[in-house]
Amino acid sequence: MWRRQIQILGLLLCLLGWGFVGCTLAMDCWRVAQLGGQGGSSVVVTAWYWSDLWRDCYEDSTALVNCVDFGVLWRVKSYIQAVRGLLMIGLSLGLTGTVITFLGLECTYIGGDQRSKDRMLTTGSALHLLGCVSDVAAYCLYINRVVEAFLHSKADPSKLSYEIGPPLYLGLVASFLIFLGCTFQCITARRSNHPLSRHPTVPLIGEKEERQALRGQKRTMSKGSRIFPNRTASVVIV
């Protein structure tokens, strides 16, 4: 019973993380920079520059937003294309792993016998794990670019100082949930009471000698019974 509960919990964690990763694709403010807002000035004006995977935007203190969408694919920066591709690969692997994991659950009546279900559960967990690695690589690549821009702004004050936005934190949390769900599924997939293999195993030398001795004793007992077939105990009455 505990196996079924842990398998369902692992699948739900993977689905939750997969959904969060998909949400980060559509979220704004992957990186944020703030200008103005210096205290003591007669007019406090604050402006925000923020970017995501699809556009760059400028927002002033009056909540007026001006955005510039990225152009054709070959004009987008290479690291943004890499982040998009890695996230798409992670989502595709996660979707495939979800279907295979569902077929390998112990509470379902499809997927074959228990050994086949365990194999499918392990395969689905491996696909989820590969998708998690792809997602983490995408987020780390974007974070590296943000940190690089932040360090350059310290050396050159004329450049914008970007900071990490909420989607990156959400994506890292989602990747951890996927990894946790894969761990639960792999734990339950390891069965200790599998049926014996159809292929005969080679016995050890000591086992061979014991089997030969037992066979010899059986043969001698069978020969003795053939020589004295009607051997019975006699009772003397005085």
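Residues numbered from 1 in each chain as written. Predicted model: local features only at pLDDT ≥ 70, side-chain atom pairs only at ≥ 80, totals over all residues. Heavy atoms only, no water.

Engineer: Would you take a moment to explain the side chain of Arg84 for this structure?
Structural biologist: Tracing the sequence through the fold places Arg84 in helix α2 (residues 78-103). Discounting residues that sit within four places of it in the chain, Arg84 has contacts with Leu53, Trp54, Phe70, Leu73 and Val76. (Helix = DSSP H or I, 4+ residues; strand = E, 2+ residues; numbered from the N terminus. Contact = heavy atoms within 4.5 Å.)

Engineer: Teacher, can you tell me more about the packing of aromatic side chains here?
Structural biologist: Where two aromatic rings form a pair, the distance of their centres and the angle of their planes describe that pair. Counted by the stated rule, this structure contains 4 aromatic pairs. With a centroid separation of 5.0 Å and an interplanar angle of 50°, the aromatic rings of Tyr49 and Tyr58 are classed as tilted. On the basis of relative accessible area, Tyr58 is assigned to the partly exposed category, the value being 27%. Here the aromatic rings of Tyr79 and Tyr142 are separated by 5.9 Å at their centres, their planes lie at 50°, and the arrangement is tilted. A residue pair is termed long-range when its members are at least 10 positions apart, and Tyr79 in helix α2 and Tyr142 in helix α3 (residues 114-155) qualify at 63 residues. For the pair shown, Tyr79 and Tyr142 are each scored as buried. (Phe/Tyr/Trp six-rings, centres within 6.5 Å; stacked < 30°, edge-to-face > 60°. Buried < 20%, exposed > 50% of the residue type's maximum accessible area, 1.4 Å probe, protein only.)

Engineer: Even after reading the chapter, I still don't get the environment of Gly165, so can you show me in this structure?
Structural biologist: Among the structural elements, Gly165 can be located in the loop between β5 (163-164) and α4 (166-189). For Gly165, a relative accessible area of 1% corresponds to the buried category. With 19 residues separating them in the primary sequence, Gly165 and Val146 have C-alpha atoms 9.6 Å apart. When neighbours within four sequence positions are excluded, Gly165 is seen to be in contact with Cys29, Trp30 and Arg31.

Engineer: Just to check I follow, could you spell out the state of the cysteines for this structure?
Structural biologist: Here, disulfide denotes a covalent bond that connects the sulfur atoms of two cysteines. Per the stated rule, a full pass over the model turns up 1 disulfide. Paired through a disulfide, Cys57 and Cys67 show a sulfur-sulfur distance of 2.0 Å. Classification of the bridge connecting Cys57 and Cys67 rests on its S-S torsion, roughly 110°, and on that basis the disulfide is right-handed. Of the two residues, Cys57 sits in strand β3 (residues 55-59) while Cys67 sits in strand β4 (residues 65-69), which places them 10 residues apart along the sequence. (Disulfide = S-S within 2.5 Å.)

Engineer: Explain the side chain of Gln7 here, please?
Structural biologist: As for its position among the elements, Gln7 is in helix α1 (residues 2-26). In this structure Gln7 touches Leu105, Glu106, Leu121 and Thr188, once residues within four positions along its chain are discounted.

Engineer: Help me out: how do you make sense of the pairing of β3 in this one?
Structural biologist: Within a regular strand, side chains alternate between the sheet's two faces. In this structure, strand β2 (residues 46-51) lies alongside β3, joined through 4 bridges in antiparallel fashion. Bridge pairing in β3 places Trp50 opposite Cys57. Hairpin remark: β2 followed by β3, antiparallel, with 3 residues in the connecting loop. Alignment of β3 against β4, held across 5 bridges, turns out to be antiparallel. Across the sheet, residue Glu59 finds its bridge partner in β4, namely Val65. Between the end of β3 and the start of β4, which pair antiparallel, lie 5 residues, with Ala63 showing a positive phi angle near 65°. (Pairing = 2+ DSSP bridges.)

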